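Fold and contact review
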Amino acid sequence: MANNPEIMIIGGGAIGICSAYYLAQGGRQVTVIDKGAMGSGASYGNAGFIIPGHLIPLAAPGALAQGLKWMLDAESPFYIKPRLSRDLIRWTWQFRAASNEKTMRAALPLQRQLGFGSADLYHELIARERLDCHYTQAGLLMLYRTEHGFEEAQAEARLLQEFDVPLRLLDGPAAAEMDPAVSPEIAGGIYFSRDAHLDPALFMQALAKRVEEMGVTLRPDTEVLDYEVAGGKVTTVRTTRGDFHPGQIVLAAGAWSPDVARALSLRLPVQPAKGYSITVKQPDGGPRLPMLLGETRVAVTPLGPNLRYAGTLELAGMDFSINQRRVNAILNGARSFLVSPVETDNLVEIWRGQRPCTPNGLPIIGRPASLSNLIVATGHATSGISLAPITGSLVAQIAAGQPTEIDITVLNPDRFR
Ligand SMILES: Cc1cc2nc3c(=O)[nH]c(=O)nc-3n(C[C@H](O)[C@H](O)[C@H](O)COP(=O)(O)OP(=O)(O)OC[C@H]3O[C@@H](n4cnc5c(N)ncnc54)[C@H](O)[C@@H]3O)c2cc1C
């Protein structure tokens, strides 16, 4: 019954494969299809941070004003390519509407539950399945090189402490002492003790292998083309490798989700947001702790023998070109915080990926009212790796018709109508 799976997952990224894992654990017969290789989308070369305490969404107060300022700078960490797209204009409007203190605060308790719930699941999952992916729970250092940046960060830290996020404020010398690679010029930092990190490509490889052992069928190079719908259900999924007649479908196609959903008359306001990573061999004296560099928004992740710098968020549509100027800006952004060499002599890979971003920063998880056998799981923006296990576990509960362990009513796909 290979083409009649009980549950078919569209998209073999972190969200799709984690969903497959928790569904298979519950004894379901699952097929995952992907238009390319499993784990080849955004889940491949990202920074690999598992950061449950970083609750402030992209749509935070002042985000749009800051974004517009950054747009004038070709090396800034944020860019919107001006274009006449109705979807982008609507998305930007909704983003602006969500960028206020009240909306942000209202979302924080749920974000906290999702983030810490997922971090706990990671801990169990990696240990139970012995996944070899450089998973390390050593915390994360957020650094600021200007007094102004550090002052703003302290205000954010006070807000996070209201929501019981474990963190420690560090003055400049204390921040520099945390890792010998940090420049002594640093103004201050915040240490998030519960954060972890991993090599996302190794995690995806190891988990894909494990789900296959559990009986999940993986079908790479299989692209969704169209559907047949009858009686409020998707009855057929037409793909480049033939028709499938699944009992239930999980739509987890990351930044491609709006395209995959369009033929089902579902409008998902998800914009692709491009980012880059540059992976090099770990230099002598290189960072040992993962770091987020405040003013330049660069992520630095030690990954076993390698070191990754990642950053930028470009709303430029499904454009996968590499802008060398922005790649250089990421490296320069790291140089201004580190004393260790930031060089590409020992380059492993330059990569770009598209984050699936909703206007208010919250993912979309749930069944749309119009299709009773469809579950949407997408829109995780900058947190898809962090939130993959909890999303997979929630998808399995929805598929089983059980009440979900967390109230996720506000994540429903119909909320944007
Ligand atoms: C530079 C950068 C750094 C990041 N750092 C972090 C981080 O440190 N921590 C964190 O939590 N998140 C991070 N993210 C975000 C994270 O990578 C994403 O949120 C996450 O990978 C999304 O997972 P996904 O499974 O939804 O999408 P993807 O991994 O993109 O998977 C979607 C899959 O769907 C497939 N697909 C698309 N269309 C079709 C179709 N028609 N038919 C079949 N298959 C299809 C694609 O081939 C793809 O494999 C980062 C992202 C970037 C770009």
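Quantities reported herein were computed from a predicted structural model and do not represent experimental measurements. (Residues numbered from 1 in each chain as written. Predicted model: local features only at pLDDT ≥ 70, side-chain atom pairs only at ≥ 80, totals over all residues. Heavy atoms only, no water.)

On to the packing of aromatic side chains. With the rule as written, the count across this model stands at six aromatic pairs. Ring centres of Y21 and Y22 lie 5.0 Å apart, and the angle between their planes is 90 degrees; on these two criteria the pair is classed as edge-to-face. We classify Y21 as buried; its relative accessible area is 0%. A ring pair is formed by W91 and F95, whose centres lie 5.3 Å apart and whose planes are at 15 degrees; its orientation type is stacked. (Phe/Tyr/Trp six-rings, centres within 6.5 Å; stacked < 30°, edge-to-face > 60°. Buried < 20%, exposed > 50% of the residue type's maximum accessible area, 1.4 Å probe, protein only.)

The immediate surroundings of the ligand are formed by 34 residues, with D34, S43, F49, A381 and S386 found nearest. With respect to the ligand, the backbone of A14 contributes an N or O atom lying 3.2 Å from an oxygen atom. The backbone of A47 places a nitrogen or oxygen atom 3.1 Å from a nitrogen atom of the ligand. For the ligand, the protein covers 97% of the area, taking 1,000 Å² as the surface of the free molecule. For the shell around the ligand, the elements supplying multiple residues, two or more each, are α1 (14-25), β14 (271-281) and β18 (347-357). Looking at the shell around the ligand, the element that brings in the most residues is β18, giving four residues. Classifying every residue of the shell around the ligand gives 16 nonpolar, 14 polar and four charged. (Near = heavy atom within 4 Å. Polar contact = N/O pair within 3.5 Å; in protein donor to acceptor, adjacent residues only side chain to side chain. Areas by Shrake-Rupley, 256 points an atom, 1.4 Å probe, with all protein chains shown as cover. Helix = DSSP H or I, 4+ residues; strand = E, 2+ residues; numbered from the N terminus. Nonpolar A, V, L, I, M, F, W, Y, C, P; charged D, E, K, R; others polar.)

Our focus in this paragraph is the sheet that holds strand β19 (residues 364-366). In a beta sheet, neighbouring strands pair by backbone hydrogen bonds and run either parallel or antiparallel. The six strands are arranged β9-β2-β1-β13-β20-β19 in an open sheet whose pairing can be described as mixed. Looking at the sheet topology across the chains shown, the edges are occupied by β9 (217-219) and β19. For this sheet, the mean inter-axis angle between neighbouring strands, taken without regard to orientation, is 20 degrees. The pairing of strand β1 (residues 7-10) with strand β2 (residues 30-33) spans four bridges and is classified as parallel. Of the residues in β2, the one forming a bridge with I9 is V32. (Pairing = 2+ DSSP bridges. Axes fitted to C-alpha atoms, helices over the stretch in contact; angles between N-to-C directions.)

The next point concerns the packing of α1 against helix α10 (residues 388-399). Relative to each other, α1 and α10 sit at 50 degrees, their axes nearing to 7 Å. Classified by the interaxial angle, the pair formed by α1 and α10 is oblique. Crossing of α1 over α10 shows right-handed handedness. From α1, A14, I15, C18, S19, Y22 and L23 reach across to α10, where they touch A388, P389, T391, G392, S393, V395, A396 and A399. Class assignment of the residues belonging to the contact of α1 with α10 gives a composition of 10 nonpolar, four polar and no charged. (Parallel < 35°, antiparallel > 145°, perpendicular 65-115°, else oblique. Left-handed = near helix turned anticlockwise from the far one by under 90°. Contact = heavy atoms within 4.5 Å.)

With that settled, consider unusual backbone geometry. Working note: non-glycine residues mostly have negative phi, and peptide bonds are mostly trans. Of note, the phi angle at H134 is positive, near 55 degrees, even though the residue is not glycine. Mapped onto the elements, H134 comes out in the loop between α4 (101-129) and β5 (140-144). A positive phi angle is found at A381, which is not glycine, with a value near 50 degrees. By the secondary structure assignment, A381 is in the loop between β20 (374-378) and α10. On the accessibility criterion, A381 (12% relative accessible area) is buried.

This paragraph deals with a negative patch on the surface. Together, E147, E151, E152 and E156 make up a region of like negative charge exposed at the surface. For E156, the location among the structural elements is in helix α5 (residues 147-162). (Patch = residues over 30% accessible without salt bridge, like charges linked within 9 Å, V, L, I, M, F, W, Y side chains within 5 Å. Salt bridge = Lys/Arg side-chain N within 4 Å of Asp/Glu carboxyl O. Lys, Arg positive; Asp, Glu negative; His and termini not counted. Charge placed at Lys NZ, Arg CZ, Asp CG, Glu CD.)

Of the two faces of β1, the one holding I7 and I9 and the one holding M8 and I10 are both buried throughout. As paired elements, β1 and strand β13 (residues 248-251) share four bridges and run parallel to each other. Bridge assignment links I7 to a residue of β13, and that residue is Q248. In this region the chain leaves β1, passes through α1 and returns to the parallel neighbour β2; the handedness of that crossover is right-handed. (Right-handed = clockwise from strand over helix to strand, strands pointing away.)

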